[in-house]
Amino acid sequence: MTALDPAFTIRAITDEEFAAYARQVALQFGEGLHDDDIDRYRSIADLDRTFACYEGDTIIGTAENLTFTMGLPGGAPAGCAGLTAVGVHPTRRRRGILTALMRTTLDDAHERGEPFAALYASEAPIYGRFGYGPAAPTVNLAIDRPWGRLRRPAAAVDEIRLVDAEEALATCPAVYDRVQAVTPGMMSRSAALWDYAIGSDLERHRRGFGPRAHAVIDGRGYAFYRIKEGWSENVPDSTLRVVELMATDAEAYAALWQLCLQMDLIAHVEATLRPPDEPLQLAVDDTARLRARVSEPLYLRLVQLDAALTSRSYATADSVVLDVRDAQCPWNDGRWRLETSPDGATCERSAEEPDVTLDTAELATCFLGGVRASVLGRARRIEQHGDGVLQRLDQLFSADPAPWNPSLF
Ligand SMILES: CC(C)(COP(=O)(O)OP(=O)(O)OC[C@H]1O[C@@H](n2cnc3c(N)ncnc32)[C@H](O)[C@@H]1OP(=O)(O)O)[C@@H](O)C(=O)NCCC(=O)NCCS
């Protein structure tokens, strides 16, 4: 791997440096930045996990860990570093700065005892070399309104209330937390992150859509949506975009979708970053009219392999020896015996012959049950030593519901 130029140093930033840091992040992504954005970014950053690469006093690279817990199959949510704001100054690229920042952020998560790290990637080839794999796929959905009828109409629509952002902030986090507790791959959302997400609704963030609406069924679910008004040859041609829809029971779920799908004046309904096992795909009457396109996956990394593998329960009782390659985390590298059961697991160092050899990124990819080990095997990414090992891994890692995280970070 590329070594870091000795003229460059990496450390956590100070509060006084935050504005320069935020401007550098924006520049690296080719984005503009308003002064009030700096305060918004500052409100969710943990300064001692916000790192910069310096050349003298000038920031030339950035990366920060947000503090999350992540939902797990059959286990309590566990610590997960959410890596974000990764970038390098355009004139200092391919000189090892990203590599050094990844070392720093990984060590930061490890020192804090977080078993996991996760991120969203701007480009797919960047993060595999650092042990991250695409573990929780998502889909974008689109349907035109005349076709968005549910096979079984929902009864709970009358219970939906439209509330302002302040009331949404008071009621929706509890619903979110209940869904997170049973959804693998779903990140916790702190009060600061809730405020960041819906505390303000600036026009420049709306991309041509109108203000965010908040539809709530108390204690059971909510849908946040926006409408982009449109008319075409004197007939309504507006688009409703579902920003986030969350429900703790099937009736509330159906009612919230029905509200969005049957809104007068709306011609098109769309939703991004939805789970691959979205029930709507089977709940609409004309299933062929609901278009689903593969969207951004959550990338996962196992920071502390044994803590990660024992933090979830498994669909089957089994015992496998994993030979794991992990170039960045020598404490994970080597052979492990994983004993699984629906009640939990043990994971111990092993000197036995392995059943399977794989890179840590591939193990992370199938860990949440969103991608099957047998498919990775057919893609020549995992090597099994004996027939049927990958199918056993498929079974033991499988999870219901499918792993899903509803928003980018
Ligand atoms: C992506 C980015 C951070 C890489 O930073 P960098 O300092 O140039 O990366 P490094 O020099 O440490 O490169 C590490 C390795 O990753 C590879 N790599 C870097 N960027 C890559 C990319 N976009 N696609 C594929 N490989 C990439 C390098 O070739 C290098 O490989 P090697 O170790 O085999 O030589 C930088 O190009 C950037 O800021 N891009 C724009 C913002 C962005 O996309 N950020 C990521 C947000 S998720």
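Residues numbered from 1 in each chain as written. Predicted model: local features only at pLDDT ≥ 70, side-chain atom pairs only at ≥ 80, totals over all residues. Heavy atoms only, no water.

## Some thoughts on the packing of aromatic side chains
Here the distance between the centres and the angle between the planes together describe a pair of aromatic rings.
1) Next: Inspection of every chain in the model, using the stated rule, returns 12 aromatic pairs.
2) Next: An angle of 55 degrees between the planes, with centres 5.0 Å apart, marks the rings of Phe68 and Phe409 as tilted. Highlighted residues: Phe68 in strand β3 (residues 58-72) and Phe409 in the segment after α11 (389-397), separated in sequence by 341 residues. Both residues of the pair, Phe68 and Phe409, belong to the buried class.
3) Next: With 6.4 Å between their ring centres and 85 degrees between their planes, Trp194 and Phe224 make a pair best called edge-to-face. Placement of Trp194 in helix α5 (residues 191-198) and of Phe224 in strand β10 (residues 221-228) is noted, with a sequence separation of 30 residues between them.
4) Next: Site record: aromatic cluster; members linked through ring pairs are Phe116, Tyr314, Phe367 and Phe397.
5) Next: Directly above the ring of Tyr196 sits Arg40, whose terminal nitrogen or CZ lies 4.3 Å from the centroid.
6) Next: Of note, Arg289 hangs over the ring of Trp147, and the distance from its end group to the ring centre comes to 3.7 Å. (Phe/Tyr/Trp six-rings, centres within 6.5 Å; stacked < 30°, edge-to-face > 60°. Helix = DSSP H or I, 4+ residues; strand = E, 2+ residues; numbered from the N terminus. Buried < 20%, exposed > 50% of the residue type's maximum accessible area, 1.4 Å probe, protein only. Lys NZ or Arg CZ within 6 Å of the ring centre and 35° of its normal.)

## Structural notes on the nonpolar core
1) Next: Among the nonpolar cores identified, the biggest contains 44 residues, and Phe116, Leu300, Leu309, Leu322 and Phe367 are the most heavily contacted of them.
2) Next: A per-element tally of this core places α11 first, with 5 residues.
3) Next: If you look at the next biggest cluster of nonpolar residues, it comprises 29 residues, including Leu141, Ala156, Ile217 and Ala252. (Core = buried A, V, L, I, M, F, W, Y, C linked by side-chain atoms within 4.5 Å.)

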